[in-house]
Every structure is written in C-alpha cells, then in structure tokens.
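The residues making up each chain are set out below.
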Amino acid sequence: MTAPDCAAPNHARAPLVLGVESSCDETGVALVTLNTQTGAPILLGQALHTQVAMHAAYGGVVPELASRDHIRRVVPLLRQTLAAARVELADLDAIAYTAGPGLAGALLVGSAFAEALAFALNKPVVPVHHLEGHLLSPLLAAEPPQFPFVALLVSGGHTQLMRVTGVGAYELLGETLDDAAGEAFDKTAKLLGLGYPGGPALAALAETADPVLVAEIKLPRPMLHSGDLEFSFAGLKTAVLTRVKTAEAEGGLTDTGRAALAAAVQESITDVLVAKCVQALKQTGLTRLVVAGGVGANRHLRETLTTACQRRKVDVFFPELSLCTDNGAMIALAGLLRLTSGGAPKKAGAFSVKPRWRLIDA
Ligand code: KG4
Ligand code: ZN
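A brief look at the structure comes next. Just so you know, these numbers come straight off a predicted model, no measurement behind them.

Conventions and cut-offs
- The numbering scheme is per chain: residues are counted from 1 as the chain's sequence reads.
- As a convention, the first chain written is A and the first ligand written is 1, with the rest following in written order.
- Where local features are concerned, this predicted model is filtered to residues with pLDDT of at least 70; where side-chain atom pairs are given and counted, the filter is 80 or more; whole-chain, interface and lining totals use all residues.
- As a convention, hydrogens and water are excluded, and side-chain values are obtained from all of the structure's heavy atoms.
- Here a helix means four or more residues in a row that DSSP labels H or I, a strand means two or more in a row labelled E, and each is numbered from the N terminus.
- Two things to know: the radius of gyration comes from C-alpha atoms, and the globule rule equals 2.2 Å times the number of residues to the power 0.38.
- Burial status follows relative accessibility: with a 1.4 Å probe on protein chains alone, a residue under 20% of its type maximum counts as buried, one over 50% as exposed, and anything between as partly exposed.
- For the accessible areas, the method is Shrake-Rupley and the probe is 1.4 Å, while residue cover comes only from the protein chains on display.
- We call a residue near a molecule or strand whenever a single non-hydrogen atom of that residue lies within 4 Å of it.
- Any pair of nitrogen or oxygen atoms within 3.5 Å is treated as a polar contact; in protein, a donor-acceptor pairing is required on top of that, and neighbouring residues in sequence qualify only through side-chain atoms on both sides.
- Only nitrogen, oxygen and sulfur atoms qualify as donors, provided they sit within 2.8 Å of the metal or within 3.2 Å for Na, K and Ca; with water excluded from the atoms, sites may seem incomplete.
- By definition here, a salt bridge exists when the distance from a side-chain nitrogen of Lys or Arg to a carboxyl oxygen of Asp or Glu is within 4 Å.
- Buried Ala, Val, Leu, Ile, Met, Phe, Trp, Tyr and Cys residues form a nonpolar core when they are joined through side-chain atoms within 4.5 Å.
- Contacts are residue-level and defined by heavy atoms, with any inter-residue pair within 4.5 Å sufficient.
- Helix span, as expected, comes to 1.5 Å for every residue beyond the first.
- Along the arc lie the directions from the helix axis toward the C-beta atoms.
- A pair of strands is considered paired only if DSSP assigns at least 2 bridges between the two.
- In this description, a line fitted to the C-alpha atoms serves as the axis of each element, helices being fitted only across the stretch in contact, and the angle between N-to-C directions of two axes falls anywhere from 0 to 180 degrees.
- Roughly parallel covers angles under 35 degrees, roughly antiparallel covers those over 145, roughly perpendicular covers 65 to 115, and oblique covers all other angles.
- In this count, Pro and Cys sit with the nonpolar residues alongside Ala, Val, Leu, Ile, Met, Phe, Trp and Tyr, while Asp, Glu, Lys and Arg are called charged and the others, Gly among them, polar.
- Note on handedness: a clockwise path from strand one over the helix to strand two, with the strands aimed away from the viewer, defines a right-handed crossover.

### Brief notes about the overall build of the chain
Across its full length, the chain holds 11 helices and 10 strands. Relative to a compact globule of 362 residues, whose C-alpha radius of gyration would be 21 Å, the chain shows 21 Å and is just as compact. Expressed as a percentage of its 362 residues, the buried residues of the chain come to 51%. With an accessible surface of roughly 15500 Å², the chain has 55% of that area assigned to carbon and sulfur atoms.

### Some points on the site of ligand 1
Taken together, 18 residues surround ligand 1, and among them His134, Gly156, Asp186, Gly294 and Asn298 come closest. A distance of 3.1 Å is found between an oxygen atom of ligand 1 and a backbone nitrogen or oxygen belonging to Gly199. A distance of 3.0 Å separates a nitrogen atom of ligand 1 from a polar side-chain atom of Asn298. When the free accessible area of ligand 1 is taken as 550 Å², the share hidden by the protein chains comes to 85%. Looking at the shell around ligand 1, the elements that each hand over two or more residues are helix H4 (130-136), helix H5 (181-191) and helix H6 (198-206).

### Considerations on the coordination of the zinc ion (ligand 2)
The coordination sphere of the zinc ion (ligand 2), as far as protein atoms go, consists of His130 (NE2), His134 (NE2) and Asp326 (OD), spread over 2.0 to 2.1 Å. Each donor residue of the zinc ion (ligand 2) belongs to the same chain, and together they define the spacing H-x3-H-x191-D. In this pair, His134 sits in helix H4 while Asp326 sits in the loop between strand S10 (315-317) and helix H11 (328-340), placing the two residues 192 residues apart along the sequence. Accessibility expressed as a relative area gives 1% for His134, which makes it buried. Residue Asp326 is classed as buried on the basis of its relative accessible area, which comes to 13%.

### Notes on the pattern of salt bridges
A complete count under the given rule lists 15 salt bridges for this structure. Two residues, Glu183 and Lys187, come together in a salt bridge whose shortest N-O distance is 3.3 Å. In this pair, Glu183 and Lys187 are both assigned in helix H5, four residues apart and thus about one turn of the helix distant. The closest approach of N and O atoms between Lys276 and Asp228, which form a salt bridge, is 3.8 Å. In this pair, Lys276 sits in helix H9 (residues 255-284) while Asp228 sits in the loop between helix H7 (211-216) and helix H8 (234-249), placing the two residues 48 residues apart along the sequence. One continuous salt-bridge network, built from bridges that share partners, spans Asp179, Glu183, Lys187 and Lys237.

### Thoughts on the nonpolar core
Membership of the largest hydrophobic core comes to 49 residues, with the highest contact counts inside it found for Leu152, Leu161, Leu219, Ile269, Leu273, Leu289 and Leu305. Contributions of two or more residues to this core are made by strand S6 (149-154), H5, H6, H8, H9, strand S9 (288-292) and helix H10 (299-311). In terms of residues, this core owes the most to one element, H9, which gives 15 residues. Each residue touching Ile269, except ones within four places of it in the same chain, is listed here: Ala181, Ala184, Phe185, Phe233 and Leu236.

### A short note on H8
The terminal C-alpha atoms of H8 lie 23 Å apart, and with 16 residues this matches the ideal 22 Å at 1.5 Å per residue to within 8%. Of the positions making up H8, those classed as buried are Leu236, Ala239, Val240, Val244 and Ala247. Along the axis of H8, the buried residues cluster in a sector spanning 135 degrees; they form a single face. Turned more than 90 degrees off the buried face of H8, the exposed positions are Lys245, Glu248 and Ala249. Where H8 is buried, its residues touch H5 and H9. Residue Gly251 follows H8 closely and has a positive phi angle near 110 degrees.

### Some details on the sheet that holds strand S5 (residues 125-129)
In space, the five strands of this open sheet follow the order S3-S2-S1-S4-S5, with mixed pairing throughout. Two strands close off the open sheet at either side, each with one partner strand: strand S3 (41-50) and S5. In this sheet, neighbouring strand axes are inclined to one another by 20 degrees on average, regardless of whether the strands run parallel or antiparallel. For strand S1 (residues 17-21) and strand S4 (residues 94-100), the ladder comprises four bridges, and the chain directions are parallel. Bridge pairing links Leu18 to Ile95 in S4. Taken strand by strand, helix H2 (residues 63-85) contacts S1, strand S2 (26-34) and S3, and its axis lies near 30 degrees from that of S2.

### Overview of the packing of H5 against H8
Between H5 and H8, whose axes approach to 10 Å, the crossing angle comes to 10 degrees. Between H5 and H8, the angle falls in the class roughly parallel. On the side of H5, the interface is formed by Lys187, Thr188 and Leu191, while H8 contributes Lys237, Val240, Leu241 and Val244. Residues that form the contact of H5 with H8 fall into these classes: four nonpolar, one polar and two charged.

### Some details on the pairing of S5
A large share of S5 lies buried, amounting to four of its five residues. Relative to S5, S4 runs parallel, the two being bridged by five bridges. When the bridges of S5 are listed, Ile95 appears paired with Val125. Where the polypeptide runs from S4 across helix H3 (residues 104-121) and back to S5, its parallel neighbour, the crossover connection is right-handed.

As structure tokens, this is what we get:
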C-alpha cells in the first residue's frame, strides 16, 4: 500500500509512528500519523510478509521457523515501508511494537528490532498489546466508529467481548472457556482434511455447499443459552470428529458431504458469535459493535452480523479485510493512539516480551 493522496501531515504537530508486528506468522511494518485537520488516523504505508506458505508443509506454525523468518523479513519490510511513504527514519516520533501476547521467540524478534532501532535513533518506544491493535484497527476505516462500543475480538487465540469506552479503557464482558473461534475453525478444518490455515480454507469450502445438505446436519451451538457472555467451542470440535469418524466407517466423506459439514461448522460458530454480540449490546445498552481479529474476515459472519445489527438499529464496524488478520498498521495505530491519549512513551533500551498477557492488564 502506498501513501494516500491526502495532504502531507505536519510532523511538527502530528506524531509519526512506526509499527512492528511479529507475534505469530506475519511480519508487518507500517507508518501511521494523524490528519491535522480532522484528527483521524492516516495509514501512510505498510508492508507485510506472511509465512503461510512456509508453515503449510508442517500443517501449522513452527515457532522456531517463524522467529527465523521474522529476522529475515523485518529490515526489507522497513525499507519498503519508508520508501513507499517517502519518510526518513529521522522523521519518526516513536516506534511501536507488539510486546505480547504471542510466540515468545517471534515476539522477541520484533521487540528487539524495534527497541534497537529506537535506541539508535534516540526515539521513544510504545510496547503494544496485540489485541489492542486488533481492537482499534477499525479506526483506520473510511467510516470509523466513535467510542463507546462493544468489541468482538475473534482471532486464532482469543474470543472476547469487551466494552470499550476509549483508548486503554477496556472492560471484559465475556470470553471463551476453551478454544477460540479461530481455533475452532482451524481444528475442524484439519479434521475435514483441509490445509493450514484452516479458517479461510473452511470458509471457501463452505461457500460451495448445498444448503439442503447443510440443513440436515445438526451441530451443537455451545453455550448459546448459557445466559452469560462466555463461549466454548471445544464441544463443536468433538461433534465434528464424531461425524468424520462415522463417515469414515461408512466409506469416507464425499466432497459434497465435506462441503456441507464445513458450512454447518461455520453456521454453528457464527450463530453463537452473533447471539452473544446481540446479548452484549442489550446488556450494555450500547448501539455500536466493532468486530476485529482474523475471524472478522469471514464473509458469512460479516453478513449475518450486519443483518442482525440492522434489525436492531445497531451500527456494526469491521476493519478493512486486509487489516483483519495480523499486520503492522494496527500496531502503529495502537501506539499512536496510546501516545496521543496521554500514555507515557517508554525510553528505548531494556525490554521484555509477554507471551501471555491479558488486554485488561495492558
Ligand atoms: O487475528 P489473526 O490473524 O491472528 C491471531 O492473532 O490469532 O487470526 C487468525 C485466525 C486463524 O484462526 C484463521 O483461521 C482465522 O483467523 N481466519 C478465518 C478467516 N480468515 C482468518 N476464520 C474464518 N474465516 C476466515 N475467512
Ligand atoms: Zn492477531
């Protein structure tokens, strides 16, 4: 992505923040600033390398390979981002990076890179919580949400509902007791013999399913009527495993059967996510819903949530598709918003990463 055509920002007034993401299998670098007239965040440029092809051969992310690849990619991505935005390192006001949660080795690469660069440039750093990046990413959309809103965070490792009243003001309303929604997509995709990453593969197969066959498959909607905002997806995985085993005993899943099961899984996950979002909106009395994280790229979820929200006069906001999955832009944005909302920047130098870290503690 190159710099937008809008007027060049006044760096004297609008901070220019570099963001570095390396928590899992994507290396992302991006530059974000603020529009001096409107105060809206502007993405000046970003570069991303996904390791999907490298990990595909192993059926999932291999942490050591991920770390080594982040090392190889991060400097070329930085050069590419600076060149596209026509920005010099000396122009930066701060460097934000993902400090957690994620894979320890992968986090260490991005964090050490960002801290060392900032130290050499004598600039401050902003360690960012990965989920805060996801949560704030819809603010980069053409029509961003206003605070307060309910946020549904659905990634490979997390499923959470939050009440968001401002930058850094996050109240956990509910979360998964076991597997995350993305994990449920990935694990059931594996059971169906689909490649890594499972979520997009399962979603693509589901699109080809015969609705009549899908309607015949009864899968559980875990905790749909639990009365609270907690989730559980482990039982769904077991139900799919049982169906796959039964089919195998009867000669194996047909292509149409596999597609129908994929669509049934997607419907089950979507139904639970949508019902809990509606309940969270009712419970909080809020009328804005923000969806963020990789599963937010799922077309069926986006359409079903949009219909449910329209019916209830709730405005629903999604990040642009390219910003749903991991990227540097959301980290640069979270760093910038932390800086401009009074957060104290950290001096570059000593640092630690937090592979396990709750957003409400950030
Ligand atoms: O946010 P993300 O890129 O990384 C984490 O922070 O975990 O989310 C990755 C997750 C994976 O589980 C992936 O399968 C899922 O998001 N995902 C999808 C789709 N695109 C990505 N799940 C369902 N449908 C999709 N289109
Ligand atoms: Zn993520």
